[in-house]
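# Tertiary structure, described
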Amino acid sequence: MSFTVKDVLSIQVAPALGCTEPVAIALGAASAVSLLPGKRFDSLEVAVDPNVYKNGLAVSIPGAGGLSGLDTAAALGAAGGDPALRLEVLQSVTEEDVKTAKQALAEGRVHVTLIKDRQGLLIRSKAVAGDAVAESVIEGLHDNIVSLTLNGKPVESPLIRVKADGAPSPVAAMEAWLKTLTLNELMALTDELDEDDLAFLREGVDVNMRLAEQGLKYGLGLGVGKTLERLCRQGLIKKDMMLAARILASAAADARMSGASLPAMSSAGSGNHGLTAILPIWAVKDYVEGVEIKDVLEAVALSHIVTAFVKAHTGRLSAICGCSVAAGAGATAGITFLLGGDAHHIAGAIKNLLEDLAGIICDGAKTGCALKLATAAGTAVQAALFSLQGVNVHHTDGIIGISSEDTMRNVGTLAVDGMIQTDQTILQIMLEKRFNNI
């Protein structure tokens, strides 16, 4: 099976309102409640895998007045979410829905539990109203609803991603295909871009720039982007393409992680990946003479493609910060392309970045992610510039392979096989902090 660049963009890139893990929980709850009479629930039970649990634990939820938490996300989705909107499920939530959700939480009608031994994304939601019991299952991808049942009987619904019996999901099939490609073949996919694709890519830029502008204007979250900008104005640091990339990416993360009611254009299932994959490239364009917007959008497309390639190896969620290693690799590939680099330079940039950032852990989604996006964005520019100057990590170093493809595969092995205990330890620390009310 083979795919086109249009397939890659349609499956891997989508708008998401809020951090994708609590949003996915909200989607699961909303899709289950949508099957109940009157779309009202008496009780709601949601069970999630460790990585969804970790990433949804502390991040603010859009439209919820600064509220956070897994149970809050579930309650909001159940109270007023529109599952037809997929990762923008919370767009339909009103102030009245927020009150309803808070009441359900206060009455103890919403429970979220951890499926401790699960590997891979899984969200099971069970909503009860009187004698009616509705259940939904999301698996593999944040908006991949694979099952809906009412009173134990399957329900046909356009919400379900239909696949042939015994066939892998579209995402799994695409990831299996991506793993077979070389860097040259990944790059060649950008030759297929048509006007509709370019318009979609530009929409992604505009969506993510609105988040960056919000972060810079109001200093939301940790205020990383606004602080970097202020330091420039005070003359304490100088603005170059590296710092410009850091400012845009971190400002957007500041806004998104603080619960701003604006969507992000995601990449490989993550809004923060989308910010990292797109915004550093958009910042760098201002430092490139005579660049055309079409070239910038081709660079963004390459970034999404490389991000998807890395995520096919690491999995959707892991102990490694995907914004750094996956979207960072995508961003440096796109930046190198935009600066006139060829396949050799792009391969070198990817290896430079992965040698630099492979050890960054994912300790859940929260306002501090803006710091990691700042690091990833700046390093993506640095890795590209180094490669264009002939500075390349040698394949004898650590986990670096002979090719960029080998290197990305090695990072996948590290994430999937090597850091299982790390992931469990990170979650245990977070749970102990929560138990001790820290």
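Residues numbered from 1 in each chain as written. Predicted model: local features only at pLDDT ≥ 70, side-chain atom pairs only at ≥ 80, totals over all residues. Heavy atoms only, no water.

Taking an unreviewed UniProt entry as the reference, the protein is identified by name as UPF0597 protein AB6M95_18255 belonging to Pseudodesulfovibrio karagichevae. As its UniProt record puts it under Sequence similarities (unreviewed entry), the protein is described as follows: "Belongs to the UPF0597 family." (UniProt positions renumbered as here; feature names shortened; annotations may be inferred.)

### Notes on the packing of helix H11 (residues 271-284) against helix H12 (residues 293-314)
Running from N to C, H11 and H12 point in directions that differ by 150 degrees, and their axes come no closer than 9 Å. One way to sum up the angle between H11 and H12 is to call them roughly antiparallel. Considering how the two elements wind past one another, H11 and H12 form a crossing that is right-handed. Two secondary-structure elements touch here, H11 through His273, Ala277, Ile278, Ile281 and Trp282 and H12 through Ile293, Val296, Ala299, Val300, Ser303, His304, Thr307 and Lys311. (Axes fitted to C-alpha atoms, helices over the stretch in contact; angles between N-to-C directions. Helix = DSSP H or I, 4+ residues; strand = E, 2+ residues; numbered from the N terminus. Parallel < 35°, antiparallel > 145°, perpendicular 65-115°, else oblique. Left-handed = near helix turned anticlockwise from the far one by under 90°. Contact = heavy atoms within 4.5 Å.)

### Observations regarding the sheet that holds strand S6 (residues 145-150)
If you trace the six strands from one edge of the open sheet to the other, you get S3-S2-S4-S5-S6-S7, paired in mixed fashion. Because the sheet does not close on itself, it has two edges, and the strands there are strand S3 (110-114) and strand S7 (153-154). Pairing of strand S2 (residues 43-48) with S3 involves five bridges; the strand directions are parallel. By the bridge assignment, Val48 is partnered in S3 with Leu114. Here helix H2 (residues 20-33) sits on the sheet in contact with S2, strand S4 (122-129), strand S5 (132-139) and S6, set at roughly 145 degrees to S5. (Pairing = 2+ DSSP bridges.)

### Some details on the packing of H11 against helix H14 (residues 327-338)
Two quantities define a packed helix pair, namely the angle between the axes and the distance from one axis to the other. As a packed pair, H11 and H14 sit with axes 8 Å apart at the nearest point and diverge in direction by 20 degrees. The orientation of H11 relative to H14 falls into the category roughly parallel. Relative to H14, H11 is oriented so that their crossing is right-handed. For the pair formed by H11 and H14, the contact residues are His273, Thr276, Ala277, Pro280, Ile281 and Val284 on the first element and Ala327, Gly328, Ala331, Gly334, Ile335 and Leu338 on the second.

### Comments concerning the environment of Val33
With respect to the helices and strands, the residue Val33 is situated in helix H2. Since its relative accessible area comes to 2%, Val33 is described here as buried. Note: C-alpha distance between Val33 and Met174 (141 residues apart in sequence) is 31 Å. With near-sequence residues (within four places) excluded, Val33 lies in contact with Lys39, Arg40, Phe41, Ala78 and Ala127. (Buried < 20%, exposed > 50% of the residue type's maximum accessible area, 1.4 Å probe, protein only.)

### Thoughts on the pattern of salt bridges
Across all of its chains, the model carries 12 salt bridges by this definition. With a shortest N-O distance of 2.9 Å, Asp194 and Lys6 are connected by a salt bridge. Taken together, the residues span a long stretch of sequence, with Asp194 in the loop between helix H7 (183-188) and helix H8 (195-218) and Lys6 in helix H1 (residues 5-12) at a distance of 188 residues. You can call Lys6 partly exposed: its relative accessible area is 37%. In this structure, the salt-bridge partner of Lys294 is Glu298, at a minimum N-O distance of 2.6 Å. Residue Lys294 and its partner Glu298 are located together in helix H12, separated by four residues, close to a single helical turn. One network of salt bridges, in which partners are shared, links Lys6, Asp194 and Asp197. (Salt bridge = Lys/Arg side-chain N within 4 Å of Asp/Glu carboxyl O.)

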